[in-house]
Amino acid sequence: MGQSFSNTSADPKNKNWASSVEEFFKDFKMESQMLSSEIINLIKSNMEKGDVKRTANVISDAMKKIENATINIAVTGESGSGKSSFINALRGVGHEETDAAACGVVETTMERKSYTHPKIPNVKLWDLPGIGTTKFQPQEYLKKMNFNEYDFFIIICATRFKENDSKLATVIKKMKKNFYLVRSRVDSDIYNQKRAKPKTFRKEKTLQMIREDCLDNLRAIDVYDAPVFLISSFELSEYDFPKLESTLLEELPAYKRHIFMQCLPCVTDAAIERRKDCLRQKIWLEALKCGALATIPVMGYISDHDIQKLEENLTFYRSYFGVDDASLEHIAKDLHLSVEELKTNLKSPYLLSVEKDDGLLGDKLLKILEKFCAISGGFLATGLYFRKTFYLQNHFLDAVVDDAKFLLQRAVIKEQD
């Protein structure tokens, strides 16, 4: 049996529950945390006082801010530096798709151009003309490009950073915005070096040479202590792209991490786990807000309303991790399988289906709930008790994540063949 926290501030249970909030959030890496330390402390403070209403209000306000967050990313560099490929990669858009940023086109416009993420309209990437293609000084250039609109700047080059990049970075830093230096097309450099020196080629040595060359180049134009990320927009799981993702997430305000994380491609197990951590926090916060630590018997009744809510959650999880039916059709086509063949190795498409031996769907879900709590303890390890549906949401999330990792592994194997 669980217990709801008391409205009396002196009740010692309130302090225990408040401590459980801290215990839950401390396990998440900075790059995955959705709430700032100030908001977490505010939730704890209200729980210690036994203020249920205020606790719920703080969570509601925080979640609303998270869901309504916007991200505007400025991408700048000379024509031919790989800006368009980078923008398309972040948006998950192929170069031949109708709304793709045009690649290999000589820059003729002095105007910025925006590209909205196809699935997350709150995320926009802005293609800015390279400062070298304009007649503006850095400060004037930034004003012309609506400097204050952007959360951060990506400065891209395909060979060497130039003095204009240095001037731009210096002005951005003075204006207290973050910038990140990206050296693109590293895959081409690796390929060319391997072809030129097949006997002595070493991939890591070549990457180190490129990195040192970039740093020497930057020091020559008076840019110090600025990390350079070596990337390929066609091989996102390789080189420094995962490190760039983590850095961007860590340095964003906490409430903006969730929306930005949704637009990042799930090209590594770490990226999938990061998304999972984000949803675990959402589930947990919803549990506090809606259930307010209510008593839950493990055995009981799952209503039609509960089932409808679980269906909505499962649909969202599958879309969030790219294992929804539409995505599976594309993946099956790439793997030269039928959708039915692909689904035989997956769990999430069948979580809410009922076989003859299952009886009613509600009965099946109760059996899943019993098993989930017996194996993992659900949230019991935190000292908090929630409604049945929140335990089931975590079971569904685990299944979807397993499917996403399986499909990622299949994609990696296919690329290696």
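It should be noted that the structure appears before, not after, this text.
Residues numbered from 1 in each chain as written. Predicted model: local features only at pLDDT ≥ 70, side-chain atom pairs only at ≥ 80, totals over all residues. Heavy atoms only, no water.

S.K.: Pulling in residues and values, what's your account of the overall build of the protein chain?
M.R.: For the protein chain, the helix and strand inventory stands at 16 helices and six strands. The buried share among the 417 residues of the protein chain stands at 50%. Here the contacts in the protein chain between residues at least 6 apart in sequence split such that 69% fall between residues at least 24 apart. Surface exposure of the protein chain reaches about 21,400 Å², of which carbon and sulfur atoms provide 49%. (Helix = DSSP H or I, 4+ residues; strand = E, 2+ residues; numbered from the N terminus. Buried < 20%, exposed > 50% of the residue type's maximum accessible area, 1.4 Å probe, protein only. Contact = heavy atoms within 4.5 Å. Areas by Shrake-Rupley, 256 points an atom, 1.4 Å probe, with all protein chains shown as cover.)

S.K.: Please provide a residue-by-residue account of the packing of helix α9 (residues 241–251) against helix α10 (residues 254–263), values included.
M.R.: Two numbers describe how α9 lies on α10: the axes approach to 9 Å, and their chain directions differ by 155°. Classified by the angle between their axes, α9 and α10 sit roughly antiparallel to one another. Seen from α9, the contacting residues are Leu248, Leu249 and Glu250; seen from α10, they are Arg257, Phe260 and Met261. Residue composition of the contact of α9 with α10, grouped by class: four nonpolar, no polar and two charged. (Axes fitted to C-alpha atoms, helices over the stretch in contact; angles between N-to-C directions. Parallel < 35°, antiparallel > 145°, perpendicular 65-115°, else oblique. Nonpolar A, V, L, I, M, F, W, Y, C, P; charged D, E, K, R; others polar.)

S.K.: Break down helix α12 (residues 304–320) for me, citing the residues and quoting the values.
M.R.: For α12, spanning 17 residues, the distance from its first C-alpha to its last is 24 Å, which sits close to the expected 24 Å at 1.5 Å a residue. For α12, the full list of buried residues reads Asp306, Ile307, Leu310, Asn313, Leu314, Tyr317, Arg318 and Tyr320. Seen from one end, α12 has its buried residues packed into an arc of 155°, which puts them on one side. Facing away from the buried side of α12 by more than 90 degrees, the exposed set consists of Asp304, His305 and Thr315. Just beyond α12, the residue with positive phi is Gly322, at close to 70°. (Expected span 1.5 Å × (residues − 1). Arc of directions from axis to C-beta.)

S.K.: Can you explain the environment of Asp213? Please cite residues and give values.
M.R.: Structurally, Asp213 is set in helix α8 (residues 203–220). Between the C-alpha atoms of Asp213 and Arg160, which are 53 residues apart in sequence, the distance is 8.4 Å.

S.K.: Which residues make up the packing of aromatic side chains, and what values do they have?
M.R.: Summed over all chains, the structure comprises 13 aromatic pairs. Seen in terms of ring centroids, Phe24 and Phe25 are 5.2 Å apart; in terms of plane orientation they differ by 80°. Their pairing is edge-to-face. The residues Phe24 and Phe25 share a single accessibility class, namely buried. Between Phe24 and Phe28, the ring centres sit 5.2 Å apart and the planes meet at 70°, which makes this aromatic pair edge-to-face. The class for Phe28 is buried, based on a relative accessible area of 5%. Within the aromatic cluster, the residues linked to one another by ring pairs are Phe24, Phe25, Phe28 and Trp284. (Phe/Tyr/Trp six-rings, centres within 6.5 Å; stacked < 30°, edge-to-face > 60°.)

S.K.: Got a sec to walk through the pattern of salt bridges? Specific residues and values, please.
M.R.: On inspection of all chains with the given rule, the structure shows 20 salt bridges. Measuring nitrogen to oxygen at the nearest pair gives 2.7 Å for the salt bridge that ties Lys282 to Glu67. On the criterion of sequence distance, the pair formed by Lys282 in helix α11 (residues 269–291) and Glu67 in helix α3 (residues 52–67) is long-range, its members being 215 residues apart. Relative accessible area serves as the criterion here: at 15%, Lys282 is assigned to the buried category. One salt bridge in this structure joins Lys167 and Glu163, with 3.9 Å as the shortest N-O distance. On the criterion of helical spacing, the pair formed by Lys167 and Glu163 is a turn pair, its members being four residues apart in helix α6 (residues 163–174). Among the residues examined, Lys167 registers a relative accessible area of 35% and is labelled partly exposed. (Salt bridge = Lys/Arg side-chain N within 4 Å of Asp/Glu carboxyl O.)

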